[in-house]
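One-letter residues, chain by chain:
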Amino acid sequence: MKAAAEREPRFPAWLGSPRMIAACSVVVGIGLWQLGYEALARTRYFKAYAIHHFLSSPLQVVQAFGELYRSGELLRHSYFSFLEFAYGFLLAIAVGIPVGLLMATVKKINYYLDPWVSCLYATPLVALAPVIIVWFGLGILPNSLVVFLGAVFPILLNTYTGIKSVKQNLIEVVRAFGGSRLQLFFKVMIPDATPAIITGIRLAVGRAVISVVVAELFGAEAGLGFMVYFYSQRFLPGPVFVGIVVLVVFGIVSFLALEKVQGWLSPWYAHQLRRAAHGMEVEQP
Amino acid sequence: METPASKLVVQNLRKSFRSQRSEGSMQVFEGVSFSVQPSEFISLVGPSGCGKTTFLRILDGLIPHDDGEILLDGKTVIQPGPDKGFVFQDSSLLPWRTVMDNIILGLELQGVDKRESKKKAERYIALVGLAGFEQHYPHELSGGMQQRVNLARALIVDPQVLLMDEPFASLDAQTREIMQAELLKMWNQTKKTVIFVTHQIDEAIFLSDRVVVFSARPAKIREIVKVGIPRPRSLTVKRSKEFLDLADHVWSIIQDEVLKSMGREREEGVR
Ligand SMILES: Nc1ncnc2c1ncn2[C@@H]1O[C@H](COP(=O)(O)OP(=O)(O)OP(=O)(O)O)[C@@H](O)[C@H]1O
Ligand SMILES: [Mg+2]
């Protein structure tokens, strides 16, 4: 015991933390990319095949970012994309949750809606997007509609299964106390389904980001997807990667933020997950 | 027939479930009758699958029965309500609620004022020995503590009858014995009428005034065993001769029933 306490660890503990390892992994990856690019730039293939039209180094991406930012172009495109994302995503939540709840609780409604939900869910969005653009023209609203279609189903279906898989014994508890159906719904079903609903919303974030790009590829005058497309047509890989990186960062940040919300709304669920992940060794607070 | 003072009367109860696979139905109860005195502690034992849980659920009004009558204080039982408290086998606590909020659930469903409920809950939290854990969540409690919350949750609505379905089945032997002693203490203080389902014969005898032994399905009452051991009982009575004789007796009836039902199943299998 004593010997172990006296021995100086070679590295401070935080250096070995999972977060730190992940960060190192990313830094090393980007470093290798930069080195690889530099090495390639010194070969004769670089000029021969005009590789700078297809590839760019991390430093060049940073440089392109600075230029796009200073010119205001990046903000303008981000603003458009963000609006499309926000409208479509919020509408998906506003529609997905209530419809999922209705389908899970009223059998009749489920019978009517189920075939439509199944069909639309199975339809590739990439095939649907051009049709929507043709119908509604260019602009933020038609693109939001594409985002909505991309995001609504994970939310709807997770809400549905969340309610359907509410634990029977909890339902029975409320019944045994003489609780009404309304009380059952609000005091057991909704809280028990909340983690599943938020999981649906988290899955929807990824699909919504993809939908923004898909919609803008088919028709837009602005937006990050449009920007990526525009510069790739002009063989300028720097701005293309800037667009991609901004989209990725946005997706990751939203996903993690929702994870926080989930932990905050249902701490007991986070605990169950941790318990499942680490066996029973969960510290008692 | 029943004396007018009976707390709970079950008359000629019949129940069958429609079976999913074959045509027809599966008879669970074939005319069960007995009555329970106020403040009496009754245990139900019987072979596995004979219908003990079903019996409690019918008494609570959670599921309907086919025929016969169930009277609580002379009034027919039709639906669950605060006059009966159900203690479920798995503690069935709402994981998103603290101990306090789980315990006041029944009052909340009745629309009792929250401040008032919480004041009332203090007493029951003390009664089950959980003072200091009011703001803990179920996942922060041990199995035994969860069962205490389960118990307090049923007691706080001040039911006439407490229906308990193997509440200690998931506990280890030591915790189980402690909980048995605590339950008796609480029963002494509150004087509830209790119907307690268990698989443990010694638990049934230790707790009860009478032990009702069910036959194999279709269940009838095989025997009602009166436990004359004076109260208050300490855990040491479990080693007394009187206790062991009673346990032997109950055990032989159940074994007999289990063998009979196995024989019957074998015959049905041959046919
Ligand atoms: N809802 C139901 N539908 C159909 N059959 C049922 C239903 N509930 C119980 N049964 C059947 O009724 C019989 C009695 O079940 P019950 O759960 O009451 O037995 P039990 O005595 O509590 O058993 P155990 O001691 O194992 O807990 C079983 O054969 C079971 O399969
Ligand atoms: Mg049972």
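Residues numbered from 1 in each chain as written. Chains lettered and ligands numbered in written order. Predicted model: local features only at pLDDT ≥ 70, side-chain atom pairs only at ≥ 80, totals over all residues. Heavy atoms only, no water.

## Observations regarding the domain arrangement of chain B
Residues and elements named next belong to chain B.
- Split by domain assignment, chain B resolves into domain 1 (1-83 + 163-176 + 193-271) and domain 2 (89-158).
- Every contact between the two is made by nine residues of domain 1 and, on the other side, eight residues of domain 2.
- Here domain 1 packs against domain 2, burying approximately 630 Å² in sum over the two surfaces, 59% of which is carbon and sulfur.
- The largest contributions to the domain 1 side of the interface with domain 2 come from Pro-82, Pro-167 and Leu-171, which together make up 49% of the buried area.
- Counting the contacts that link domain 1 with domain 2 gives zero salt bridges. (Domains from an automatic or database assignment. Contact = heavy atoms within 4.5 Å. Buried area = accessible area lost by both parts, 1.4 Å probe. Salt bridge = Lys/Arg side-chain N within 4 Å of Asp/Glu carboxyl O.)

## What about the nonpolar core?
- Ranked by size, the top nonpolar core spans 139 residues in total, and within it Phe-29, Phe-34, Phe-55, Leu-59, Ile-195, Ile-205 and Phe-214 of chain B carry the most contacts.
- Tallying contributions element by element places helix H10 (residues 181-218) of chain A first for this core, with 14 residues.
- Contacts of Ile-205 of chain B, omitting those with residues within four sequence positions, involve Val-211, Val-227, Ile-229, Arg-233, Phe-243, Leu-246, Ala-247 and Val-250 of chain B. (Core = buried A, V, L, I, M, F, W, Y, C linked by side-chain atoms within 4.5 Å. Buried < 20%, exposed > 50% of the residue type's maximum accessible area, 1.4 Å probe, protein only. Helix = DSSP H or I, 4+ residues; strand = E, 2+ residues; numbered from the N terminus.)

## A word on helix H6 (residues 173-190) of chain B
Residues and elements named next belong to chain B.
- The end-to-end C-alpha distance of H6, which contains 18 residues, comes to 25 Å, matching closely the 26 Å that a straight helix rising 1.5 Å per residue would cover.
- Every buried residue of H6 is listed here: Arg-176, Met-179, Gln-180, Leu-183, Leu-184, Met-186 and Trp-187. Buried positions in H6, seen along its axis, are confined to an arc of 165 degrees and lie on one side of it. Along H6, exposed side chains directed more than 90 degrees from the buried face belong to Gln-174, Lys-185 and Gln-189.
- Downstream of H6 by one or two residues, Lys-191 has phi in the positive range, about 55 degrees. (Expected span 1.5 Å × (residues − 1). Arc of directions from axis to C-beta.)

## Describing the sheet that holds strand S6 (residues 84-87) of chain B
Residue and element names in this part refer to chain B.
- Pairing within the open sheet is mixed, and its six strands lie in the order S6-S7-S8-S3-S9-S10. Either end of the sheet is taken by a strand with one partner, and the two such strands are S6 and strand S10 (221-226). For this sheet the average axis-to-axis angle between neighbouring strands, irrespective of direction, equals 15 degrees.
- Relative to S10, strand S9 (residues 210-214) is paired through five bridges, and the arrangement is antiparallel. (Pairing = 2+ DSSP bridges. Axes fitted to C-alpha atoms, helices over the stretch in contact; angles between N-to-C directions.)

## Some words on the pairing of strand S8 (residues 193-197) of chain B
Residues and elements named next belong to chain B.
- Counting buried residues in S8 gives five out of five residues, a clear majority hidden from the surface.
- Where strand S3 (residues 41-45) meets S8, four bridges bridge the pair, whose relative direction is parallel. When the sheet's bridge partners are listed, Ser-43 is paired in S8 with Phe-196.
- Bridging between strand S7 (residues 161-165) and S8 involves five bridges; their strand directions are parallel. Note that in S8 the partner of Val-161 across the bridge is Thr-193.
- Handedness of the S7-H6-S8 crossover: right-handed. (Right-handed = clockwise from strand over helix to strand, strands pointing away.)

## Observations regarding the sheet that holds strand S2 (residues 25-36) of chain B
Residues and elements named next belong to chain B.
- Spatial strand order, S2-S1-S4-S5: four strands in an open sheet with antiparallel pairing. With one partner strand each, in any of the chains shown, S2 and strand S5 (75-76) form the two edges of the open sheet.
- By the bridge criterion, two bridges tie strand S4 (residues 67-72) to S5 in an arrangement that is antiparallel. In the strand pairing of S5, Leu-71 is matched with Thr-76.
- Contacts from helix H1 (residues 52-60) reach strand S1 (8-18), S2 and S4, with the element oriented near 120 degrees to S1.

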